[in-house]
Amino acid sequence: MQENLCLRYDQPAKVWEENVLPIGNSDLGASIMGGIRQEQIILNEKSLWIGGPSPSRPGYKGGNVSGSVTYLRQVQKALQEKDHKTVDGLLEKLTGETDGYGAYQTLGNLFLTFDGVCEEKTSSYQRYLDLNEAVSGVVFSQEGVQYTREYLASYPDHVVAMRLCADQKGTLSFTAFLDGYPESGTVTVDADSLSCTGALQDNGLRYQERFLFELADGEGEITAEGQRLQVRHATQVIVYFAAATDYANVYPAYRSGIDPADLVRERLEAAKAKGYTAIRQSHIRDYQELFQRVTLHLEEKPVGVFTDQLLREYRRKTKEHLPYDAADHYLEVLYYQYGRYLLIASSRDGSLPANLQGVWNESNTPPWCCDYHINVNLQMNYWPAMVANLRETATSLVDYVDSLREPGRVTAADYYGIVSDEAHPENGWAAHTQSTPFGWTCPGYVFTWGWCSAAAAWLDLNLWEYYLYTEDTEYLKAKIYPILRESARFYLQELCYDEEQERYVSSPTYSPEHGPVTIGNTYEQSLIQALLQVFVKAAGILGYDAQLSGEAARAAEKMKPYQISQKTGMLQEWYEEDEEDFDTSEVEKHHRHTSHLLGLYPADTINYNTKELMEAAKKSLNDRGDDGTGWGMVMKMCLWSRLGEGDRAYVLFNNLLADRTHPNLWDVHPPFQIDGNLGAVAAVSELLLQSHMGYIQLLPALPAAWQNGSFTGLCARGGFELDLTWEQAKVTGLVLRTMHDKVCRIRTEAPQQILAVDQSSKINGQDGSEEAMAKADNISWNEKNGIVEFAVKKEKEYHILF
Ligand code: FUC
């Protein structure tokens, strides 16, 4: 376990997105302000969305406009004829509607106004979020009384639980009330609970949120007074919070038919019966099972200062180009582990995936509707899931992508003429830039940000990573493969052969939010090609669909996604880039999206074996510069790490922390977007470990600033888990575990010895005694390519000695 992973502040939060401390169990989110006299907790339930099907919108069709394929054909023809005027005139026909898009809503606030407590008389105030236990709290003293509040969000028990204490008998008195809840809500106050029940005006989605108050030691009294609950002369009060809606991610009605009040009642009754201490224990056990799998040390020193001070210091040093010290490295480690925390808190099996803000939202009109953007953001949210040993957080994404298939078939039919019917079931699904929990897959309402035929292919690559890291063939067969196959069918019909370009192309294409409308831009070509190649591999593993797989292989080969500009030597973003009449009016040198480089990361078609493409990608990346939005910087970090340039990636990490991080360590686009937090976990991991080349690479892009360090528990493709230590940038120790009996390949200098330790002897506390050790089987080291190969078994742990 890694000690001292805690965000700390000496003041209450002032601004939600800058200062709050978030807790969550994926379905529920709570952001804690930590006020002294008045505590404010902003609450969320992830499925509380307006939009989608509704009695007031009987024709809801996910925004799809029937017959749009006619215009697609016209645009394709006009593009081929280079008739840009006609293209421009038709683009508005390749869009979707807006009605029913909706937005993520907030459940509002719980306010607790404390009697006899005031800011002026308070001392020793602390607000914290302990990442080791996923527990947040507030502590302060006033006139000899210490007040403590503790908050946690439990995944196993489906509640947020709060414990409010005073250390002197009978000194805890407060008023509790709700505010900011949906307009349609009715507040009910009874002997020991506050609740808000209603159905959203927009779509009739039913919801309930309820708070159950309990006097832990019987001390004090609770009374209902109007819309408020009064707690007087208590010493310890427990509050359980549960919330639910009748949403279900099932097309086309998206309703469960279950009364949310029933779920809430069951959960609160169970919570009360179990009690705070047991809930706390189960929560910590559940959370730590995931969180503790990874530790990271970068010669950091947890110092006694507050997190916002650490961040200010880091910013100052970055601006003044001063060297970082152990406190700065502590901030880096904290930021990394906070990203893992945020993913666990906002994405667990059985719920919707993490949205643009995870699960936390204080507004009914949040930026970008707090939706599921799939031209980078949702994908980035899940980049850390596998490498940072949190595969359980990824299944919500798999389920979500699966749920887009049925509505996505309507989009495929309306916009591409690709129809699924009895003769051609599961014949293709499409999705574009933005999506919602109500199956919104049509193009956005403006072509130049809304059209994105490759969005589904990109999502599919995330799912494939799940397989690569686990090699879980059953899950591949049951969940992932059907999605990949349907995508392959879609793209095989969507692609057309372009005589002039002599390749299969997607058309029209628009590089995310950048440049002109063209044929077969690098973004679409590279993602669709990667998806087709992945499908071929998956079909091969399962022994399925030989004919389709053959077609996919042939098409992929003829897609030729990459061109190097004869003029600049850069990897082109658009095929037509070097042509005289190429329209540069919408090209931005420093555009935040680096969509033409996705073959380098997260895909692997640009790699150490394609040296020219690597060089060209590097030139492009240099041209884009080191600035950007939060997620834009993270994207570049990942790209530099795949180029093996750790120091350059580190500059971006420095800039991310210095310029794009709020005091509560939330990533700033601006505004707050969680993709940068989560993506940065993947980016840092990628500096230390890569495995996309068919072998494991240790410290492939180590920044000079991290000369000495260690990690435990990072994962490599193939089902491996690694612990690594390094000194003076050289590997000094490596331990490897495997999910499968197989051959392991690591690129490294010649190891002196590889010892296989029985895991059971370790578990029995014998710590790998000499007797338990035996040399690993079949070790070979190839001097030419520097790869060591040896057979591994899942019951053993391998200690590689240098
Ligand atoms: C993408 C980005 C924007 C923003 C939005 C949520 O479309 O281009 O910058 O992050 O998603």
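Residues numbered from 1 in each chain as written. Predicted model: local features only at pLDDT ≥ 70, side-chain atom pairs only at ≥ 80, totals over all residues. Heavy atoms only, no water.

Trainee: What exactly am I supposed to notice about the environment of Ser 595 here?
Mentor: Mapped onto the elements of the fold, Ser 595 is located in the loop between helix H16 (546-557) and helix H17 (611-624). Of the residues examined, Ser 595 reaches a relative accessible area of 3% and is grouped as buried. Between the C-alpha atoms of Ser 595 and Ala 134, which are 461 residues apart in sequence, the distance is 35 Å. (Helix = DSSP H or I, 4+ residues; strand = E, 2+ residues; numbered from the N terminus. Buried < 20%, exposed > 50% of the residue type's maximum accessible area, 1.4 Å probe, protein only.)

Trainee: Quick question: what am I supposed to make of the state of the cysteines here?
Mentor: Note on terminology: disulfide describes a covalent bond linking the sulfur atoms of two cysteines. One pass over the full model with this rule turns up zero disulfides. For the unlinked cysteine Cys 165, the closest cysteine sulfur is that of Cys 6, found at 18 Å. (Disulfide = S-S within 2.5 Å.)

Trainee: Explain the packing of helix H6 (residues 307-319) against helix H19 (residues 646-659) to me, please; I cannot follow it from the model alone.
Mentor: Interaxial distance between H6 and H19 falls to 8 Å at its minimum, and their mutual angle equals 130 degrees. In terms of orientation, H6 and H19 fall into the oblique class. Seen from above, H6 lies across H19 with left-handed handedness. For the pair formed by H6 and H19, the contact residues are Leu 311, Tyr 314, Arg 315, Thr 318 and Lys 319 on the first element and Tyr 650, Asn 654, Asn 655, Leu 657, Ala 658 and Asp 659 on the second. (Axes fitted to C-alpha atoms, helices over the stretch in contact; angles between N-to-C directions. Parallel < 35°, antiparallel > 145°, perpendicular 65-115°, else oblique. Left-handed = near helix turned anticlockwise from the far one by under 90°. Contact = heavy atoms within 4.5 Å.)

Trainee: Looking at this structure, how should I read helix H5 (residues 276-291)?
Mentor: Two residues of an α-helix separated by three or four positions point the same way, owing to the 3.6 residues in each turn. Taking 1.5 Å as the rise per residue, H5 with 16 residues should run 22 Å; its terminal C-alpha atoms sit 22 Å apart, in good agreement. If you check which residues of H5 are buried, you get Tyr 276, Ile 279, Ser 282, His 283, Ile 284, Asp 286, Tyr 287, Gln 288, Leu 290 and Phe 291. The inward-facing, buried residues of H5 contact strand E9 (135-142), strand E10 (145-154), strand E11 (159-166), strand E18 (236-245), helix H4 (260-274) and helix H7 (326-346). (Expected span 1.5 Å × (residues − 1).)

Trainee: Just checking my understanding: could you explain empty space enclosed by the protein for this structure?
Mentor: To find leftover empty space, a probe the size of one water molecule is rolled over the atoms. In total, this model carries five cavities of 30 Å³ or more according to the counting rule given. Taken as a whole, the largest cavity spans an internal volume of roughly 90 Å³. Grouping the amino acids of the lining of the largest cavity by side-chain chemistry returns eight nonpolar, three polar and two charged. (1 Å grid on protein atoms, 1.4 Å probe; cavity = no way out; pocket = protein on both sides within 12 Å on 5 of 7 lines; lining within 4 Å. Points joined across faces, edges and corners; volume = space filled by probe spheres on them. Nonpolar A, V, L, I, M, F, W, Y, C, P; charged D, E, K, R; others polar.)

Trainee: What is the right way to read a negative patch on the surface from this model?
Mentor: A contiguous patch of negative charge, built from Asp 88, Asp 583, Glu 586 and Glu 588, is present on the exposed surface. Looking at the element boundaries, Asp 88 is found in helix H3 (residues 84-90). (Patch = residues over 30% accessible without salt bridge, like charges linked within 9 Å, V, L, I, M, F, W, Y side chains within 5 Å. Areas by Shrake-Rupley, 256 points an atom, 1.4 Å probe, with all protein chains shown as cover. Salt bridge = Lys/Arg side-chain N within 4 Å of Asp/Glu carboxyl O. Lys, Arg positive; Asp, Glu negative; His and termini not counted. Charge placed at Lys NZ, Arg CZ, Asp CG, Glu CD.)

Trainee: Teacher, can you tell me more about the site of the ligand here?
Mentor: The immediate surroundings of the ligand are formed by Leu 356, Trp 368, His 373, Asn 375, Asn 377, Glu 513, Arg 592, His 593, Trp 631, His 669 and Gln 673. Here an oxygen atom of the ligand sits 2.8 Å away from a polar atom, N or O, in the side chain of Arg 592. Split into classes, the residues belonging to the shell around the ligand amount to three nonpolar, six polar and two charged. (Near = heavy atom within 4 Å. Polar contact = N/O pair within 3.5 Å; in protein donor to acceptor, adjacent residues only side chain to side chain.)

Trainee: Hey, could you run me through the packing of aromatic side chains in this one?
Mentor: Following the criterion strictly, the structure yields 42 aromatic pairs and no others. Arranged with centres 6.0 Å apart and planes meeting at 10 degrees, the rings of Tyr 338 and Tyr 341 form a pair that is stacked. Linking Tyr 338 with Tyr 341, this pair stays in helix H7, spanning three residues, or about one helical turn. Among the residues examined, Tyr 341 registers a relative accessible area of 2% and is labelled buried. Measuring from centroid to centroid gives 6.2 Å for Phe 653 and Trp 706, while their planes differ by 85 degrees, and the two rings are edge-to-face. With a gap of 53 residues between them, Phe 653 in helix H19 and Trp 706 in the loop between strand E25 (696-698) and strand E26 (709-716) connect regions that are remote in the sequence. Its relative accessible area of 1% is what places Phe 653 among the buried residues. Accessibility expressed as a relative area gives 0% for Trp 706, which makes it buried. Here the basic side chain of Arg 228 rests over the ring of Phe 177, its NZ or CZ set 4.0 Å away from the ring centre. (Phe/Tyr/Trp six-rings, centres within 6.5 Å; stacked < 30°, edge-to-face > 60°. Lys NZ or Arg CZ within 6 Å of the ring centre and 35° of its normal.)

Trainee: Whenever I open this one, the environment of Glu 551 confuses me. Can you help?
Mentor: Mapping Glu 551 onto the fold places it in helix H16. Accessibility expressed as a relative area gives 33% for Glu 551, which makes it partly exposed. For Glu 551 and Arg 489, which are 62 residues apart along the polypeptide, the C-alpha to C-alpha distance reads 9.6 Å.

Trainee: Just checking my understanding: could you explain the pattern of salt bridges for this structure?
Mentor: Side chains bearing opposite charge may pair, as long as their charged atoms lie close to each other. What the rule picks out here adds up to 47 salt bridges. Lys 618 is the partner of Glu 645 in a salt bridge, and the nearest nitrogen-oxygen pair spans 2.7 Å. One end of the pair, Glu 645, is in the loop between helix H18 (630-642) and H19; the other, Lys 618, is in helix H17, and 27 residues separate them in sequence. For Glu 645, a relative accessible area of 25% corresponds to the partly exposed category. Residue Lys 618 is classed as partly exposed on the basis of its relative accessible area, which comes to 25%. Here Asp 626 makes a salt bridge to Arg 648, at a shortest N to O gap of 3.1 Å. On the criterion of sequence distance, the pair formed by Asp 626 in the loop between H17 and H18 and Arg 648 in helix H19 is long-range, its members being 22 residues apart. Owing to a relative accessible area of 21%, Asp 626 belongs among the partly exposed residues under this scheme. Each of Asp 399, Asp 402, Arg 405, Arg 409, Glu 426, Lys 479 and Glu 486 takes part in salt bridges that share partners, so that together they form one network.

Trainee: Looking at this structure, how should I read the sheet that holds strand E16 (residues 221-225)?
Mentor: Adjacent strands of a sheet form backbone hydrogen bonds with each other and so pair up, either parallel or antiparallel. Strand order in the open sheet formed by seven strands is E2-E3-E4-E7-E12-E17-E16, with antiparallel pairing between adjacent strands. Two strands close off the open sheet at either side, each with one partner strand: strand E2 (21-24) and E16. Going across the sheet, the axis of each strand differs from the next one's by a mean of 20 degrees, ignoring polarity. Pairing between strand E3 (residues 28-32) and strand E4 (residues 38-45): five bridges, direction antiparallel. Note that in E4 the partner of Ala 30 across the bridge is Leu 43. (Pairing = 2+ DSSP bridges.)

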